[in-house]
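Breakdown of the fold
Listed below are the residues making up each chain.
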Amino acid sequence: MVKRVREEWIKVARETLVEGGVEAVKVQSISRKLGVTRGGFYGYFGSRSALLRRLLQDWRDVNTRAIRRIAARNRRDGSAQFKELVDMWIEDEDYSPEYDSAVRDWARRSPRVARAVLEVDHERIRLIERIFNNIGFRGLEANVRARVTYYHQVGYYALAEHESRPARRRLSAMYTRILALTATPAPPGRGNSRRVPRV
């Protein structure tokens, strides 16, 4: 019961953050949305600061969970993993770009949140680098490809690019060729052979 109620508070706080920014995440307004008293809130969180800390942890967990699953250490098919990653971003499955954007906006006002965002960005890049390792890239090349892939996606949301989902699906194969193309040395006198993750 306590866990369920606490999760309701976090859910509404998350929606409020996305809709109005961190300044809108106030005990009184969330209490009103939930139809409960402010006194009930303090029984679960103790303070607004505690709620915000829990909200930041929720973002860490919710918006990185899918990438952690896709890049799990026991998986080895990098091409399949890269396709899942692209699909996750296109379909917004288990990932909310609005939540990410709201937390990044919050980070501009809070050094503590900015540090958390940087930590999460580094974790996500490491996970994507693991996918590129499984495709066949190594070292610096895997790291740079992971960075370009991730920065491209973050920039896509930062620019508020509003492409339809069907349009994004049509472009996904070309993005995959550009971001994850593998070229291997060919025998003399012949062109390079290329292995591209299927999308």
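Everything here concerns the structure above.
We now turn to the structure provided with this report. (Residues numbered from 1 in each chain as written. Predicted model: local features only at pLDDT ≥ 70, side-chain atom pairs only at ≥ 80, totals over all residues. Heavy atoms only, no water.)

**Considering the overall build of the chain**
When its secondary structure is counted, the chain shows ten helices and two strands. In the chain, the order of α-helices and β-strands from amino to carboxyl end is α-α-α-α-α-α-α-α-α-α-β-β. For the chain, the proportion of its 199 residues judged to be buried stands at 42%. For the chain, restricting intrachain contacts to residue pairs at least 6 apart in sequence, the fraction spanning at least 24 positions comes to 60%. (Helix = DSSP H or I, 4+ residues; strand = E, 2+ residues; numbered from the N terminus. Buried < 20%, exposed > 50% of the residue type's maximum accessible area, 1.4 Å probe, protein only. Contact = heavy atoms within 4.5 Å.)

**Looking at the environment of Thr149**
Within the element layout of this structure, Thr149 appears in helix H9 (residues 139-158). Along the backbone, Thr149 and Leu179 are 30 residues apart, and their C-alpha atoms lie at a distance of 6.5 Å. Here Arg145 takes part through its backbone oxygen, which lies 2.8 Å from a polar atom of the side chain of Thr149. (Polar contact = N/O pair within 3.5 Å; in protein donor to acceptor, adjacent residues only side chain to side chain.)

**Points about the packing of helix H6 (residues 78-91) against helix H10 (residues 165-180)**
The geometry of H6 relative to H10 is characterised by a closest axis approach of 10 Å and an angle of 145° between their N-to-C directions. Considering only the axes of H6 and H10, their crossing is right-handed. Facing H6, whose interface residues are Phe82, Val86, Trp89, Ile90 and Glu91, H10 presents Arg165, Arg168, Arg169, Ser172, Thr176, Leu179 and Ala180. Here the residues of the contact of H6 with H10 are counted per class, giving six nonpolar, two polar and four charged. (Axes fitted to C-alpha atoms, helices over the stretch in contact; angles between N-to-C directions. Left-handed = near helix turned anticlockwise from the far one by under 90°. Nonpolar A, V, L, I, M, F, W, Y, C, P; charged D, E, K, R; others polar.)

**Brief notes about the packing of aromatic side chains**
Under the counting rule described, the total for this entry stands at nine aromatic pairs. Geometrically, the ring pair formed by Tyr150 and Tyr151 is tilted, given 6.5 Å between the ring centres and 55° between the ring planes. Taking the relative accessible area as the measure of exposure, Tyr150 reaches 3% and is therefore buried. These aromatic residues form a ring-pair network of at least three members: Trp9, Phe41, Tyr42 and Phe45. Above the plane of the ring of Phe45 lies Arg6, whose end atom (NZ or CZ) is 6.0 Å from the centre. (Phe/Tyr/Trp six-rings, centres within 6.5 Å; stacked < 30°, edge-to-face > 60°. Lys NZ or Arg CZ within 6 Å of the ring centre and 35° of its normal.)

**Side note on the nonpolar core**
Counting residues in each nonpolar core, the largest one holds 27 residues, and the members touching the most others are Leu17, Leu51, Val103 and Trp106. Those elements that provide at least two residues to this core are helix H1 (2-20), helix H2 (27-34), helix H4 (48-62), helix H7 (97-107) and helix H8 (111-135). Counting 25 residues, the second largest nonpolar core, distinct from the first, contains Ile128, Ile131, Ala142 and Ala146. (Core = buried A, V, L, I, M, F, W, Y, C linked by side-chain atoms within 4.5 Å.)

**Section: a nonpolar patch on the surface**
A surface patch of nonpolar side chains, amounting to about 270 Å² of accessible area, comprises Leu140, Val144 and Val148. With respect to the helices and strands, Val144 occurs in helix H9. Relative accessible area serves as the criterion here: at 38%, Val144 is assigned to the partly exposed category. (Patch = residues over 30% accessible without salt bridge, like charges linked within 9 Å, V, L, I, M, F, W, Y side chains within 5 Å. Areas by Shrake-Rupley, 256 points an atom, 1.4 Å probe, with all protein chains shown as cover. Salt bridge = Lys/Arg side-chain N within 4 Å of Asp/Glu carboxyl O.)

**As for the packing of H8 against H9**
At a closest axis distance of 8 Å, the pairing of H8 and H9 adopts a crossing angle of 125°. One way to sum up the angle between H8 and H9 is to call them oblique. Crossing hand, H8 versus H9: right-handed. Contact with H8, carried on its side by Asp121, Arg124, Ile125, Ile128, Glu129, Phe132 and Asn133, involves Gly139, Ala142, Asn143, Arg145, Ala146, Arg147, Thr149, Tyr150 and Tyr151 of H9 and no other residues of that element. Across the contact of H8 with H9, the residue classes tally to seven nonpolar, four polar and five charged. (Parallel < 35°, antiparallel > 145°, perpendicular 65-115°, else oblique.)

Take it as geometry only, folks, not as evidence of what the structure does.
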